[in-house]
Amino acid sequence: MQYSIKDVNLFSEGEAKIKWAMSNMKVLDTIRQRFSRERPLEGVKISACLHITSETAVLAWTLKEAGAKIRLCASNPLSTQDGVAASLVKDYKIEVFAVRGEDRDSYYEHIKKALEIEPDITMDDGADLVSTIHSENLSFADNILGGTEETTTGVIRLRSLAEENRLKYPIIAVNDASTKYLFDNRYGTGQSTIDGILRATNYLLSGCTFVVCGYGWCGRGISMRARGMGAKVIVCEVDALRALEATMDGFWVMQLKEACPKGDIFVTSTGNRSVIRKEHFLLMKDGAIVANSGHFDVEIDLEDLNDIAVHRKLTRENIEEFKLKDGKKINVLCQGRLVNLSAAEGHPSMVMDMSFSNQALCCEYLTKEGKNLQNKVYEVPEEIDGEIARLKLYSMGIKIDELTQQQKRYLSSWQIGT
Ligand code: ADE
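In what follows, the accompanying structure is described. (Residues numbered from 1 in each chain as written. Predicted model: local features only at pLDDT ≥ 70, side-chain atom pairs only at ≥ 80, totals over all residues. Heavy atoms only, no water.)

Check the secondary structure of the protein and you find 17 helices and 15 strands. For the protein, whose C-alpha radius of gyration is 22 Å, the value lies close to the compact-globule estimate of 22 Å for 418 residues. Split into buried and exposed, the 418 residues of the protein put 55% on the buried side. Taking the contacts inside the protein whose residues are at least 6 apart along the sequence as the reference set, 73% of them involve residues at least 24 apart. Carbon and sulfur atoms provide 49% of the accessible area of the protein, an area that totals close to 19300 Å². The averaged location of the 59 negative side-chain charges in the protein is 3 Å from the averaged location of its 52 positive side-chain charges. (Helix = DSSP H or I, 4+ residues; strand = E, 2+ residues; numbered from the N terminus. Rg over C-alpha atoms; globule rule 2.2 N^0.38 Å. Buried < 20%, exposed > 50% of the residue type's maximum accessible area, 1.4 Å probe, protein only. Contact = heavy atoms within 4.5 Å. Areas by Shrake-Rupley, 256 points an atom, 1.4 Å probe, with all protein chains shown as cover. Lys, Arg positive; Asp, Glu negative; His and termini not counted. Charge placed at Lys NZ, Arg CZ, Asp CG, Glu CD.)

The tendency in soluble globular proteins is for nonpolar side chains to be buried as a group. One finds I46, I52, L63, L72, L88 and V96 to be the most contacted residues of the largest nonpolar core, which totals 52 residues. Not counting residues within four places of it along the chain, the set of residues in contact with I46 comprises L41, L63, A68, K69, I70, R71, I117, P119, I121, M123 and C363. The next biggest cluster of nonpolar side chains, apart from the first, holds 25 residues, and it includes L78, A246, I319 and A343. (Core = buried A, V, L, I, M, F, W, Y, C linked by side-chain atoms within 4.5 Å.)

For the rest of this paragraph, the subject is the site of the ligand. If you check the shell around the ligand, you find H51, T53, E55, T56, L341, E345, G346, H347, M352 and F356 and nothing else. For the ligand, a nitrogen atom lies 2.9 Å from a polar atom in the side chain of E55. Against a free-state accessible area of 260 Å², the protein chains account for coverage of 96% of the ligand. Among the secondary structure elements, those contributing two or more residues to the shell around the ligand are α3 (54–65) and α15 (349–369). Residue composition of the shell around the ligand, by class: three nonpolar, five polar and two charged. (Near = heavy atom within 4 Å. Polar contact = N/O pair within 3.5 Å; in protein donor to acceptor, adjacent residues only side chain to side chain. Nonpolar A, V, L, I, M, F, W, Y, C, P; charged D, E, K, R; others polar.)

On their own, these measurements won't tell you what the molecule is for.
Below, the structure written as structure tokens:
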């Protein structure tokens, strides 16, 4: 067995967290029971580049129980939970290449190690595996059955590769399943972003002015939860429809330059780069807190901030203070990396249950159907999405009504009127 982790002796802390996550991932549990009976992934090699959390551990174990050989690497250098990595290696005999806080070279070295098994399936959160395979022209690409992508940012990257006709194997956009983005992106990111900010700062949200950049599903969740904690929420958005929606959802909507002198906390969740930059930092209040919840660490322009800073220091874990010429201080959380996974533990297990059930069932689908698919980005099959919604409701003890025969006839007829 090969692996590269911080310290295998951290396993017991990780094992406890994995067990806790498992007890809250009931849909995946149902799938795992079937997988261990049917072994649908027998002999399938999977390289997975995901945040190394307790929820990911439950997914990896599910895939292993299905017969797959899986190698894991991190999809972000700051999100790895070293105890979980240790337990995966020691207790679950799963190969992991990830160390919390690893530098760029180590991060990419670990991606290469994950790909060394020449996978049949790649599983990405941010498209780093696909991007490495394509940019380095790796020879095994043509034999890959397919890949899955967990996040909005990754799906955007993959769609542009597909549009240029350069995608070398089919991808399923797990992010775009209804049972993924409506829950994980909205309620998962909403809660875990607030969790990360609070763990890093212990700030009182009640009464503060909280600026959210981006009103996609993640931005909606963050805004909603910040408001729920008593913050006055401002939304900044470049898309007219989304901005209108934010307005009618009851948030203040304005340009970022207008929000800067008002905000106490700023969170980016746009999927774009340099959203908060020099002109914005210069307008902020003394003590402003800036955090990112988008996949890559490019949304807050730290080069710009560094250029206008006269001094930088770590004030406490996960907070770096940048002092500007006029004495004003700006606090950046987690080096501008995903605050929910760097300062907290990412989304709760109950929501990852649905996201990772999509991943597991899409791996089974690719194993059966991958060779019949084209080199395109596909939606998650509707049956999978529907099955996960049904299983989740069932696991929550919620029953819903069924249409009567009369109602079904009514819905399928065009003649019935007033
Ligand atoms: N992405 C967001 N939250 C996560 C979690 N808890 N585990 C894995 N990936 C995540």
